[in-house]
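Structural characterization, general
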Amino acid sequence: MTHNNKFIYLLITLFTLTACQRNPLKIDVSNINLKVEIGRLDQDLFTVTVENASRSIPVLQEKYGPFFSLYNKEILAIGDSRDSLYSGYLLTFIADSTVTAARLRSDSLFRDFQPFSKQIELAFKHYAYYYPGIQLPKVYTYLSGFNQSIVTFPNALGISLDNYLGSKSSFYSRLGIPAYKRHNMEPKKMVYDALYGLASQQFEYKGNTENLISGMIHKGKLLYFLDALIPDGPDSLKIGYRKEQLDWCYDHETEMWSYLVERRMLFSGDRMELVRFINPAPFTTPFGQKSPGRTGVWLGWQIVKSYMNNNPKTSLQDLMKENDYHKILNESGYSPD
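**Quick word on unusual backbone geometry**
- Unlike most non-glycine residues, Phe-146 shows phi in positive territory, near 65°.
- Structurally, the position occupied by Phe-146 is in the loop between strand 2 (138-142) and strand 3 (150-153).
- Even without glycine at this site, Asn-155 takes up a positive phi of about 65°.
- Mapped onto the elements of the fold, Asn-155 is located in the loop between strand 3 and strand 4 (156-160).

Now the structure itself:
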């Protein structure tokens, strides 16, 4: 082979390798025109005072509509804004010393919400690419008194900012929140949690059977949906692992899979098995304290990735509609070694 031919062969080889490694989810969404609406209830709510409550509350009800009612009833649990005792309950919440301190911290982190809005907008553009004509939710930010981080309602996606004040925030240690949960209470995790919450609402579990492998793959589908919406985002933020935890999973993938297969646990309907391998925990008990929790979810994610790689004609819509989890497993060709 001549020198020139060798050079050409090397270029072809490099091109082939690059093409094989290219992420098919990295798509151009620059021509998709949409604007994300962010309702800053966390800002507006604290303009209410004893003096102006009778005027301000109806204004908030008008501005935020059904979401304001849901916020009061479902998140704060203080009743309807039209109730006679409502304004007193709301003012008590606003004046609470812990809420006031959380608001100051939240304002310091999120007064300029533009960086997060851009993240959400880019993700929504990807969503609209895969689901043309989809009605995207309006996004609302608020303080919840450290209640549920993400809430989803019809056409609404709510984010509780006081759950993303930083893992070292003294609020969380005083509340007794365990360290493995505090790790994910960072501003950079907020958008990922919001999108995962949206996916969980849009694509509920609809399998014919409830066993470990079905639960693993369902959760894996939700994470793959995040891959599609945030293709450049790090896996650590999608699943909520530290880098060393993610590395541990890759290093022990074969052993984890073999453990489940050899003990015939994949098709177990034992509720405790689902809890042990899928629910949040400081670690996965059978795999030792160096393992992260939810390793079953991580394995399910790898199965879904393998399924999509082996079935390149399968669209994201096809994947999310497919509720035969055993079929996904069988056609994934997944076999770590």
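**Brief notes about the sheet that holds strand 4**
- Sheet architecture is open: four strands sit in the order 1-2-4-3, paired in mixed fashion. Either end of the sheet is taken by a strand with one partner, and the two such strands are strand 1 (38-40) and strand 3. Looking at each pair of strands side by side, their axes are set apart by 20° on average, direction ignored.
- For strand 3 and strand 4, the ladder comprises four bridges, and the chain directions are antiparallel. Each bridged residue has a counterpart across the sheet, and for Ile-150 the counterpart in strand 4 is Ile-159.

**Looking at the pattern of salt bridges**
- Inspection of every chain in the model, using the stated rule, returns 17 salt bridges.
- Of the charged contacts in the structure, one is a salt bridge between Lys-138 and Glu-37, with a shortest N-O distance of 3.7 Å. With a gap of 101 residues between them, Lys-138 in strand 2 and Glu-37 in the loop between helix 1 (3-21) and strand 1 connect regions that are remote in the sequence.
- Overlapping salt bridges, with partners in common, bring together Asp-227, Asp-235, Lys-238 and Lys-305 in one network.

**Description of the environment of Gly-158**
- Its place among the elements puts Gly-158 in strand 4.
- Residues Gly-158 and Asp-83, 75 residues apart in the sequence, show an inter-C-alpha distance of 23 Å.
- Setting aside its immediate chain neighbours within four residues, Gly-158 contacts Phe-67, Tyr-140, Tyr-142, Ser-149, Ile-150 and Val-151.

**Things to note about the pairing of strand 2**
- Within strand 2, four of the five residues are buried, which leaves it mostly tucked inside the rest of the structure.
- As defined by bridge partners, strand 2 adjoins strand 4 across five bridges and the pair is classed as parallel. Bridged to Tyr-140 within strand 4 is Gly-158.

**Quick word on the packing of aromatic side chains**
- Scanning all chains against the criterion turns up 21 aromatic pairs.
- Here Tyr-64 and Tyr-140 contribute two aromatic rings whose centre-to-centre distance is 6.1 Å and whose plane-to-plane angle is 55°, an arrangement assigned as tilted. Of this pair, Tyr-64 sits in helix 3 (residues 53-75) while Tyr-140 is found in strand 2, placing the two residues 76 residues apart along the sequence.
- Tyr-140 gets classed as buried once you look at its relative accessible area, which sits at 9%.
- Seen in terms of ring centroids, Tyr-259 and Phe-287 are 5.3 Å apart; in terms of plane orientation they differ by 80°. Their pairing is edge-to-face. Here the residue Tyr-259 occupies a position in helix 13 (residues 253-262), and Phe-287 occupies one in the loop between helix 14 (271-278) and helix 15 (295-310), the gap between them amounting to 28 residues.
- The class of Phe-287 is buried, set by a relative accessible area of 15%.
- Aromatic rings pair up to connect Tyr-64, Phe-67, Tyr-71, Tyr-140, Tyr-142 and Phe-153 into one cluster.
- Across the ring face of Trp-301, the terminal group of Lys-305 is positioned such that the distance to the ring centre comes to 4.2 Å.

**A closer look at the packing of helix 9 (residues 187-202) against helix 10 (residues 212-229)**
- Viewed as axis vectors pointing N to C, helix 9 and helix 10 meet at an angle of 125°, and their least axial separation amounts to 10 Å. Between helix 9 and helix 10, the crossing angle belongs to the class labelled oblique. For helix 9 against helix 10, the interelement crossing comes out right-handed. Two secondary-structure elements touch here, helix 9 through Tyr-192, Leu-195, Tyr-196, Ala-199 and Ser-200 and helix 10 through Lys-219, Leu-222, Leu-223, Phe-225, Leu-226 and Leu-229.
- Residue classes in the contact of helix 9 with helix 10 are distributed as nine nonpolar, one polar and one charged.

Thresholds, definitions, all that
Residues numbered from 1 in each chain as written. Predicted model: local features only at pLDDT ≥ 70, side-chain atom pairs only at ≥ 80, totals over all residues. Heavy atoms only, no water. Helix = DSSP H or I, 4+ residues; strand = E, 2+ residues; numbered from the N terminus. Pairing = 2+ DSSP bridges. Axes fitted to C-alpha atoms, helices over the stretch in contact; angles between N-to-C directions. Salt bridge = Lys/Arg side-chain N within 4 Å of Asp/Glu carboxyl O. Contact = heavy atoms within 4.5 Å. Buried < 20%, exposed > 50% of the residue type's maximum accessible area, 1.4 Å probe, protein only. Phe/Tyr/Trp six-rings, centres within 6.5 Å; stacked < 30°, edge-to-face > 60°. Lys NZ or Arg CZ within 6 Å of the ring centre and 35° of its normal. Parallel < 35°, antiparallel > 145°, perpendicular 65-115°, else oblique. Left-handed = near helix turned anticlockwise from the far one by under 90°. Nonpolar A, V, L, I, M, F, W, Y, C, P; charged D, E, K, R; others polar.

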